[in-house]
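Tertiary structure, described
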Number of protein chains: 2
Amino acid sequence: MVQPLPKPTKLLLSKPCTFLFLLIIICILGFYTLHYPHASYPPSNRQTALRFRRDFLSSATNSTVAAYLRALTLHPHVAGTKPSLDTIHYVQSHFSDLGLQTHTAHYHALLSYPLRSSLSAHFSNGSHVDIPLSEPGLSRDDGVIKPYHAYSPSGSAHAEVVFVNYGREEDYRALEAAGANVSGCVVIARRGGELPRSEAVRNAERHGAEAVLLYTEGDVRFNEGFERGFVMSGVGDPLSPGWGGVDGAERLDLEDPEVLKRFPNIPSMPLSAGAAGAILATLGGASAPGEWRAGVERVGPGPTLVNFSYEGEKKMMTIQNVFAVINGLEEPDRYVLLGNHRDAWTYGAVDPNSGTAALLDIARRYALLINSGWKPRRTIILCSWDAEEFGMVGSTEWVEQNLVNLGSKAVAYLNVDCAALGPGFFVRATPQLDNLILEVTKKVKDPDLEGSTVYENWLATNRIVDIQRLSGVDSDFAPFVQHAGVPSIDMYYGRDFPVYHTAFDSYDWMRKFGDPLFHRHVAVAGVWGLIALHLADDSILPFDYFSYVDQLKHYKDVLNHLLDGSISLEPLMTAIEEFAYAAREAENEAQTLKEEESTGEFVMMKKRALNDRLMLAERGFLDTDGLEGRQWFKHLVYGPPTDHRSELFFFPGVADALNQANSTKTGQGQTNLQHEIWRVARAIQRAAQALRGDLH
Amino acid sequence: MVQPLPKPTKLLLSKPCTFLFLLIIICILGFYTLHYPHASYPPSNRQTALRFRRDFLSSATNSTVAAYLRALTLHPHVAGTKPSLDTIHYVQSHFSDLGLQTHTAHYHALLSYPLRSSLSAHFSNGSHVDIPLSEPGLSRDDGVIKPYHAYSPSGSAHAEVVFVNYGREEDYRALEAAGANVSGCVVIARRGGELPRSEAVRNAERHGAEAVLLYTEGDVRFNEGFERGFVMSGVGDPLSPGWGGVDGAERLDLEDPEVLKRFPNIPSMPLSAGAAGAILATLGGASAPGEWRAGVERVGPGPTLVNFSYEGEKKMMTIQNVFAVINGLEEPDRYVLLGNHRDAWTYGAVDPNSGTAALLDIARRYALLINSGWKPRRTIILCSWDAEEFGMVGSTEWVEQNLVNLGSKAVAYLNVDCAALGPGFFVRATPQLDNLILEVTKKVKDPDLEGSTVYENWLATNRIVDIQRLSGVDSDFAPFVQHAGVPSIDMYYGRDFPVYHTAFDSYDWMRKFGDPLFHRHVAVAGVWGLIALHLADDSILPFDYFSYVDQLKHYKDVLNHLLDGSISLEPLMTAIEEFAYAAREAENEAQTLKEEESTGEFVMMKKRALNDRLMLAERGFLDTDGLEGRQWFKHLVYGPPTDHRSELFFFPGVADALNQANSTKTGQGQTNLQHEIWRVARAIQRAAQALRGDLH
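Residues numbered from 1 in each chain as written. Chains lettered and ligands numbered in written order. Predicted model: local features only at pLDDT ≥ 70, side-chain atom pairs only at ≥ 80, totals over all residues.

**What about the overall build of chain A?**
- When its secondary structure is counted, chain A shows 22 helices and 17 strands.
- Against the 2.2 N^0.38 benchmark of 26 Å for 696 residues, chain A shows a C-alpha radius of gyration of 28 Å, consistent with a compact globule.
- Across its three principal axes, chain A shows a C-alpha extent of roughly 115 × 60 × 55 Å.
- Split into buried and exposed, the 696 residues of chain A put 55% on the buried side.
- Within chain A, contacts between residues separated by at least 24 positions form 80% of all contacts whose residues are at least 6 apart in sequence. (Helix = DSSP H or I, 4+ residues; strand = E, 2+ residues; numbered from the N terminus. Rg over C-alpha atoms; globule rule 2.2 N^0.38 Å. Buried ≥ 20, exposed ≤ 12 C-beta atoms within 10 Å, placed from the backbone. Contact = placed C-beta atoms within 7 Å.)

Right, dumping it as structure tokens:
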């Protein structure tokens, strides 16, 4: 508006006029500068933001991602080992070479490694066979860690074999019905049935087994692979539960009951599907229950015996998280976090370095934006976690250490573990992020269907766009959602892959099977990085709490159906209504503030206040007392139920109380269940209050 | 700078020039208005703030305060009773008549009232006397509630009397040593020795007593007064522990173990010092231990017997908190809270309505400021609590209900219970507020020493300005500090008064003894209201964390002395150093931002960010797991130790662990103690992190 003026002024103004005019301008500008420092804010500019988002999308390349993955997967890099250090340096150099502010956070944590192991099968005909305990074709120089279960105790057993299907409680009941007793035996179980490794081992322990062998069914081409993994309960370093295991921090004693209760008491190892099949085929004893459909005729015990021996060590190791920080211009103290773990059981081409490669490419593309003038409104932090494979150790220690600041300042956490393992976009999120996910997937090209967006192909494949929730504890979002109450997303291309945690999870496998052209990596990086751009740059946070309301209503209906009217859900209904009201109010306020974009008083502070409420609403779902008996889990809507058989994949406290009420059938059980429903109702009310923001 | 210009322009400008000039001005202003909405912020103006503070001080009057007190104390007004409703309306009308935004928050809570009680003493000579159970000179119409202990169970006893001094564990040990057995007796104890009423009763219960009579020594002129009070453990409504007891909220059953554990199991009543003296003078049995110095020769048991009978009822009653809200202009979502309870055991002239009168006068004076153009930067809330006398019920329910918003938005809570009960200024605070208290007391006239400030007389009287801490649970600051971690102050004039909780706590007593000229009320209102003005208006919050650092160092030294090197305090030292570093950084940043008052970019957001850190640092001392066995108490620096004998009036978890370690003398005791020290160290680290504000 000022620009068109100079020409006519030249015509009209005499010299003193010109002088005076300039003087006035200078005075006015001076006055503004002195009295209204905020006048020097760069104007919020939607056009500019749009341009940076377009630039981000157009800077995608699959070649860079492939190169990063190649470099990351040259050697196996289990957390705490020497080659793992190389990947730390690689990530760190990448960030700093791009000119990004980089730092590391290191922790000392109790990890666990194998020393010696052996397994032989002894058949009824007197023959025996030594079962190789590693993938074929590996030499010692490859450095692939022997198949083992981290945190398994050392131990040996020479005993009859029983097949226990998935090793669930119902499987043991079926065995008992079939007359098979597992006491004193070595059990073989297949992985699955939603049962974590640790639970499969603990169930076997409870039923008197001496040792456990777990195998994973799948693609026969890879059935000589061993699925490594941990068998510890809970998340994070067992010696620093609830606080960061930094230099000089308190460590519980290894013999502390709090520590001991996290480990199983009988040893276990992974077994290849091939070897498992060979042993299971020789079992006699009871017939396999029909519903197992496991391809096993008889379940034992015996006559085949195994000689099982495992020796491992638990050791304090240094682990390192690596961060790149892009400081926000207007709100440097609000954080949008993108995270992926870096440590792998073997080469980690899928798990997790497909995600790492995507993260590094986002860093590259953000650096380009920075060079072309971009500064995010809020701070963006790229996080490369260590020791996830041992139980989300790196991320958990960091979240515990930074809890007080994450609690008041973290806008969202965006997790990608395995970026690409096959076709099909999958995403899990806290519900207020659903809409943003949909919007962003409409902007990103689909990797598998020419001319389509991720959204379109996703919709076409599933008929609905199905966003899952974050009740599991299977990647680094767990501490963010379930301990700190930070709105979170977890996403990946492809769902299952046959080389999971085996030595076959290599760059070659990725090139042949997982994502030959790296287009899926690119799509994930696109969605991931663009979601972060919105969260970091949008003047009003793109959080939609109606979606949370719908989800909670659905949970209430599911619960109602399960309870069949035996318990009042009135408190839940009232709380959800309050939450719906708060969501509506927040939405209206957001609309008003968007329209006020460039007028009105204190708009910046008003936006900040609304954004804070949008950010903090999720914290309302936390309860300081946490889940009964598992205090670390503070989120009352999303978290793992104690019993995997629960039909509730939400309200974990209610799920536990329901199981207990069903099994005890006492009045006390019903009272506890009602109390847990009240607790969830109050959590929803807290979220509503945080969203509304006013005191009662 | 613009002002001097108009004159010359008139001389120099031709008409087209004038037009153009105006056009330019309009364009420039338009440009600024459209692009820099913040330019319309009223400039922070120290002069204006100073003027409003002066206006606040000069608007003090003792006559208004006296009138408010007179009106509030016309009738006794125990929480939940009809006359209590009148005081609610009085406060509410006062606020709304002043034009202040007013609202109430009501709760249903379990209160307790007396139905019938009787007491007679039966002497060895066969005579007996019925002991009157009310203050003399009261008629039924006065409506003064009978002396009782709220939440005492009903019950009766006909048994020998034993005198147990204060009723502490050491007193029972002394009795045992003297050969006096209290089992089956009615014990008489004097109030004192830092022992809460509930603990005196529980100790008696543990030693087998049948009933308890508590009397209060003091001014002989009032020795026919009865000290009413509650004997419940913990704070807040026992049926809604940890959440607000609003309409339709969950209520625990009266028989729930969580509820039952809060009440003693033997009945108790207050006794006047006069009656107690008469009974105690007739005791035989063992000689009173010399160190008791209680004026009692022999402690019994007997030969005097008492016939004790108390019948009371616990009832769900409606209680109401009343609020006046003065919305902040720039940061409406940051709260400075001033609170006082309104309910009284009798007339409440001292306790609590001297504080209420001061609060109402602050409201009057703030309304004057508003009429002269003042709008605070942050929101100020005046809070009038109900049912404090039953265990901080009104404030606790409100804090529990609003925890999520208070946690993120409450700047400070300023409590005054009894404003004036005698000479001498006393104050307790969380340490970051020390400096502000000192500065403000330098501005307020001393009520007792002509020409002196509160500060000068305070200094002269005590030789040091002694600010106490908030570890007690004796007024409404307890939920704010110990559950929500809000920086707080509690203050009063005078320390002890002889009519505490008796029917003599009347307006007449105040006029004759407590504060005849109401100058102490005025001084408290001055300090209270001025502190709030600073907290609400200062652009940088006047929090000084060096004072907290000094205090923590002192605690560490005390602890070191007590432990005599048997336990490492290294973690504590490291944490305090971190906290000191954070305090220094915050101080530097505050200095820089103050100098930047009117220049630089994003100053407003930077100040908000720093202020948030200053506000949230106190929350760092909270631990979600709370104190062992008393989870509601979340603050690890300030809170009540379980055992009143503790020498530590800070670090309540450490105090408990120390007592336990001393009594058990096991290795486990030492381990627990070290663990509690670690917990405090981590709490201090969290506070340091919140103050620094950056992620690690």
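More follows now that the structure is in view.
**A few points about the pairing of strand β1 (residues 101-122) of chain B**
All names here are of chain B.
- Two elements, β1 and strand β11 (residues 305-326), share 21 bridges in a ladder whose sense is antiparallel. When the bridges of β11 are listed, Y113 appears paired with E313.
- Here 3 bridges tie β1 to strand β2 (residues 128-130), and the two strands are oriented antiparallel to one another. From the neighbouring strand, S120 faces β2, where its bridge partner is D130.
- Taken together, β1 and the strand that follows it, β2, pair antiparallel across an intervening segment of 5 residues, in which G126 is found at a positive phi of about 90°. (Pairing = 2+ DSSP bridges.)

**Structural notes on the domain arrangement of chain A**
Residue and element names in this part refer to chain A.
- Once the domains are mapped, chain A shows domain 1 (49-108 + 319-537), domain 2 (110-316) and domain 3 (545-692).
- The gap between the C-alpha centroids of domain 1 and domain 3 is 27 Å.
- Tallying the contact residues gives 19 residues for domain 1 and 20 residues for domain 3.
- Looking at the side of domain 1 that touches domain 3, the elements that each hand over two or more residues are α13 (434-441) and α15 (477-483).
- In terms of residues, the side of domain 1 that touches domain 3 owes the most to one element, α15, which gives 3 residues.
- Grouping the constituent residues of the side of domain 1 that touches domain 3 by class yields 7 nonpolar, 9 polar and 3 charged. (Domains from an automatic or database assignment. Nonpolar A, V, L, I, M, F, W, Y, C, P; charged D, E, K, R; others polar.)

**Side note on the packing of helix α21 (residues 652-664) of chain B against helix α22 (residues 667-692) of chain B**
Residue and element names in this part refer to chain B.
- Where α21 contacts α22, the axes come no closer than 8 Å and their chain directions differ by 170°. Taken together, α21 and α22 sit at an angle that is classed as roughly antiparallel. Note on element contacts: α22 touches α21 through G669, Q670, N672, L673, E676, I677, R679 and V680, opposite G653, V654, A657, L658, Q660, A661 and T664.
- Here the residues of the contact of α21 with α22 are counted per class, giving 7 nonpolar, 6 polar and 2 charged. (Axes fitted to C-alpha atoms, helices over the stretch in contact; angles between N-to-C directions. Parallel < 35°, antiparallel > 145°, perpendicular 65-115°, else oblique.)

**Thoughts on helix α17 (residues 519-537) of chain A**
- Here α17(A) contains 19 residues, and its C-alpha end-to-end distance of 26 Å stays within 8% of the 27 Å for a straight helix at 1.5 Å per residue.
- By the criterion of burial, α17(A) is predominantly enclosed, with 17 of the 19 residues buried. (Expected span 1.5 Å × (residues − 1).)

**Some remarks on helix α9 (residues 273-280) of chain A**
Residue and element names in this part refer to chain A.
- Those residues of α9 that fall on the buried side of the exposure criterion are A273, A275, A276, I279 and L280. Mapping the buried residues of α9 onto a view down its axis gives an arc of 160°, with all of them on the same face.
- Considering only its buried residues, α9 is in contact with β1 (101-122), β4 (155-163), β5 (186-190), β6 (211-215) and β8 (268-271). (Arc of directions from axis to C-beta.)

**Examining the environment of S63(A)**
Residue and element names in this part refer to chain A.
- Within the element layout of this structure, S63 appears in helix α4 (residues 62-72).
- With 9 C-beta atoms counted inside 10 Å, the residue S63 sits in the exposed group.
- Along the backbone, S63 and D361 are 298 residues apart, and their C-alpha atoms lie at a distance of 10.0 Å.

**Brief notes about the packing of helix α5 (residues 82-97) of chain B against helix α10 (residues 353-371) of chain B**
Residues and elements named next belong to chain B.
- One can describe the packing of α5 onto α10 by two numbers: an axis separation of 9 Å at closest approach and a directional angle of 15°. One element, α5, and the other, α10, form an angle in the roughly parallel class. Handedness of the crossing formed by α5 with α10: right-handed. For the pair α5 and α10, the contacting residues are V91, H94 and F95 in the first and T356, L360 and A363 in the second.
- Residue classes in the contact of α5 with α10 are distributed as 4 nonpolar, 2 polar and no charged. (Left-handed = near helix turned anticlockwise from the far one by under 90°.)

**Examining unusual backbone geometry**
- Cis geometry is adopted by the peptide bond preceding P352(A), which originates at D351(A) and carries an omega value of 10°.
- We note that D564(A) has phi near 60°; this positive angle belongs to a residue other than glycine.
- For D564(A), the position within the fold is in the loop between α18 (545-563) and α19 (570-595).
- Judged by local crowding, D564(A) falls into the exposed class, with 7 C-beta atoms found within 10 Å.
- Here the phi dihedral of Y151(B) falls at roughly 80°; this positive angle occurs in a residue that is not glycine.

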